[in-house]
Amino acid sequence: MPELIVRDMTRNEFEEWRDRTIRSFADDQVTAGNWPADEAIELATKANDVLLPDGFATAGMLFLRAALPDGTCVGVSWLGLTHPRGAPDCAFIYDIEINEAYRGAGYGRALLAAAEDAVRSRGLGRLELNVFGDNARAIRLYETSGYRVVTQQMRKSLN
């Protein structure tokens, strides 16, 4: 794996990341057909506020930044130390993202391993995530990292 320095985000990094992740989540929901485009930013902001009522200071959340040894940020991860549906002994990856210019070079695998280490070091034995069904690159990364499907949603458009 490539050399990667993973550390907690600063408050300023969090604010920049939060704005980007809300936009990205809104776009993903529109693309998936879940939300209308004209409401997506508002819905994504509300969803983020529910999960992070105290923003950067929300208890039980980890915000990680992955950088090259020279300090160049290559990605981020947001982890919850409690599972959103109450699964015991299980943390949850809300977001893991490698900047586009660094994808395909092993940084995603390195950040995923660092996230697993962060969860393990806090005494939790399992880690779960959701992935959009059309994200073949991410699905392959998770499968080759030992993740397996435990639930699956399917949809058919009837229009």
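Residues numbered from 1 in each chain as written. Predicted model: local features only at pLDDT ≥ 70, side-chain atom pairs only at ≥ 80, totals over all residues. Heavy atoms only, no water.

You'll find the chain entered in an unreviewed UniProt entry as N-acetyltransferase, with Micromonospora sicca given as the organism.

A. Just the packing of helix H1 (residues 11-31) against helix H2 (residues 40-51), in detail. Axis separation between H1 and H2 bottoms out at 8 Å; the angle between their running directions is 120°. One element, H1, and the other, H2, form an angle in the oblique class. Judged by the sense of rotation from one axis to the other, the crossing of H1 with H2 is right-handed. Of the residues in H2, those touching H1 at Arg18, Thr21, Ile22, Arg23, Phe25, Ala26 and Val30 are Ala40, Ile41, Ala44, Thr45, Ala47, Asn48 and Asp49. (Axes fitted to C-alpha atoms, helices over the stretch in contact; angles between N-to-C directions. Helix = DSSP H or I, 4+ residues; strand = E, 2+ residues; numbered from the N terminus. Parallel < 35°, antiparallel > 145°, perpendicular 65-115°, else oblique. Left-handed = near helix turned anticlockwise from the far one by under 90°. Contact = heavy atoms within 4.5 Å.)

B. Quick look at the UniProt feature "domain: N-acetyltransferase" (unreviewed entry) in the chain. The UniProt record annotates "domain: N-acetyltransferase" (unreviewed entry) at residues 4-159. Summarising residues 4-159: 36% helix, 21% strand, and an end-to-end C-alpha distance of 46 Å. (UniProt positions renumbered as here; feature names shortened; annotations may be inferred.)

C. Looking closely at the environment of Asn99. One can find Asn99 in the loop between strand E4 (90-98) and helix H3 (107-120). Along the backbone, Asn99 and Phe63 are 36 residues apart, and their C-alpha atoms lie at a distance of 16 Å. Sequence-distant contacts of Asn99, that is, excluding residues within four places in its chain, are made with Cys73, Val74 and Gly75. From its side chain, Asn99 meets the backbone oxygen of Cys73 in a polar contact 3.0 Å long. (Polar contact = N/O pair within 3.5 Å; in protein donor to acceptor, adjacent residues only side chain to side chain.)

D. Seen up close, the sheet that holds E4. Sheet architecture is open: five strands sit in the order E1-E2-E3-E4-E5, paired in mixed fashion. Every interior strand has two partners, whereas the edge strands, strand E1 (5-8) and strand E5 (126-129), have only one. Neighbour-to-neighbour, the strand axes of the sheet open up by a mean angle of 30°, direction not taken into account. Two strands pair when backbone bridges link them, and E4 and E5 are joined in this way by four bridges, in the parallel orientation. Along E5, the bridge assignment pairs Ile93 with Leu129. Against the sheet, H3 engages E1, strand E2 (61-67), strand E3 (73-80), E4 and E5, with an angle of about 155° to E4. (Pairing = 2+ DSSP bridges.)

E. Summary view of the pairing of E2. For E2, a buried count of seven out of seven residues is recorded, marking the element as mostly surrounded by other parts of the structure. Where burial is concerned, the two faces of E2 agree: the one with Met61, Phe63, Arg65 and Ala67 and the one with Leu62, Leu64 and Ala66 are both buried. Here four bridges tie E1 to E2, and the two strands are oriented antiparallel to one another. If you follow Arg7 over to E2, its bridge partner there is Arg65. Note: E2 against E3, seven bridges, orientation antiparallel. (Buried < 20%, exposed > 50% of the residue type's maximum accessible area, 1.4 Å probe, protein only.)

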